[in-house]
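# Structural description and commentary
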Amino acid sequence: MNSLINKKVAFQDLGTRDYQPTWDYQEELLKKNLDTKIYNRENPDNQKPTENFLLFVEHPHVYTLGKSGHEENLLANEAKLKEINATYVKVNRGGDITYHGFGQIVGYPILDLENFYTDIHRYMRDLEEVIIRTIAEYGLKGERSDGETGVWLDVGKPYARKICAMGVKASRWVTIHGFALNVNTDMRYFEYIIPCGITDKQVTSLKRELEQEVDYEEVKQKIKKHFVDVFGCELI
């Protein structure tokens, strides 16, 4: 069985793409892996390795609500959404409401955790670690906040703020969805939601913290480097 362990991760930068087709694409890659697992169960003498992917994408303005989320955390009605050129989608990930938009790096790792370790809690902490290491390169101290996924600044202080949101789903140890790191994001779009249902903390971006526009492509390269280090994988 061990000969089937595959730590190669196919990297794809999807550029700017609407939320729904990207979700559909994730589901397609997920299904491919689930089909391989079914095949392997039925053909123990002729098994095939599953595949891993890391997708980067920049979404046009969209609010997405996780399956455990509360619709009242969206503060904009249909007319307002139209006015700010944003869409609203209900999704099958964990977590509450979040915003995706221009200037934000969204990463979707579709990993078969059986190639790494079968521990969702560890997976979430590792994803956070990738972002913590990335923003450290910009002089920012990213932290975890107990009971709240994602990466935060100044945890435990009245001005604690979230710089990276996370929400994942796993089926038979294959992950979809992922993280959203605010780089040069237009933070006004967060005014129309209660992000992740958390009322007492702010959101922020690299641009806001550093008080200048950040090289978006450079941040992507740093995330990729730390992803390889944290997950002990090879990006192809």
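Residues numbered from 1 in each chain as written. Predicted model: local features only at pLDDT ≥ 70, side-chain atom pairs only at ≥ 80, totals over all residues. Heavy atoms only, no water.

### Digging into the packing of aromatic side chains
In this structure the tally under the stated criterion is eight aromatic pairs. Between F11 and F56 the ring centres are 5.0 Å apart and the planes differ by 85°, which places this aromatic pair in the edge-to-face class. Within this pair, whereas F11 is found in strand β1 (residues 8–16), its partner F56 is found in strand β2 (residues 52–58), the two being separated by 45 residues in sequence. For the pair F11 and F56, a shared accessibility class is recorded, and that class is buried. Look at F227 and F231: their rings are 4.6 Å apart centre to centre, the planes differ by 35°, and that puts the pair in the tilted class. Of the two residues, F227 and F231 are both situated in helix α5 (residues 216–231); the distance of four residues between them amounts to about one turn of the helix. Judged by relative accessible area, F227 falls into the buried class, the value being 0%. Residue classification places F231 among the buried residues on the basis of a relative accessible area of 4%. Through pairs of rings, three or more aromatic residues link up here, namely Y63, Y99, Y189 and F190. Residue placement shows K48 over the ring face of Y39; its charged tip is 4.3 Å from the ring centre. (Phe/Tyr/Trp six-rings, centres within 6.5 Å; stacked < 30°, edge-to-face > 60°. Helix = DSSP H or I, 4+ residues; strand = E, 2+ residues; numbered from the N terminus. Buried < 20%, exposed > 50% of the residue type's maximum accessible area, 1.4 Å probe, protein only. Lys NZ or Arg CZ within 6 Å of the ring centre and 35° of its normal.)

### Examining the packing of helix α3 (residues 120–136) against α5
Axis separation between α3 and α5 bottoms out at 8 Å; the angle between their running directions is 135°. Relative to α5, the element α3 lies oblique. Seen from above, α3 lies across α5 with right-handed handedness. Where α3 approaches α5, its residues Y123, D126, L127, E129, V130, I131, R133 and T134 are matched on the opposing element by V219, K222, I223, H226, F227, D229, V230 and F231. When the residues that make up the contact of α3 with α5 are grouped by side-chain class, the tally is nine nonpolar, two polar and five charged. (Axes fitted to C-alpha atoms, helices over the stretch in contact; angles between N-to-C directions. Parallel < 35°, antiparallel > 145°, perpendicular 65-115°, else oblique. Left-handed = near helix turned anticlockwise from the far one by under 90°. Contact = heavy atoms within 4.5 Å. Nonpolar A, V, L, I, M, F, W, Y, C, P; charged D, E, K, R; others polar.)

### Looking at the side chain of N182
Turning to its location among the elements, N182 is positioned in strand β10 (residues 174–182). A distance of 3.4 Å separates the side chain of N182 from the side chain of T185, its partner in a polar contact. What N182 contacts, discounting residues up to four positions off in sequence, is G103, Q104, K162, I163, M187, F190, T204, S205 and L206. (Polar contact = N/O pair within 3.5 Å; in protein donor to acceptor, adjacent residues only side chain to side chain.)

### Comments concerning the UniProt feature "site: Lowers pKa of active site Cys" (unreviewed entry) in the chain
What UniProt calls "site: Lowers pKa of active site Cys" (unreviewed entry) maps, in this numbering, to K162. Here K162 lies in strand β9 (residues 161–171). At a separation of 3.3 Å, a polar atom in the side chain of K162 contacts the main-chain carbonyl oxygen of T149. (UniProt positions renumbered as here; feature names shortened; annotations may be inferred.)

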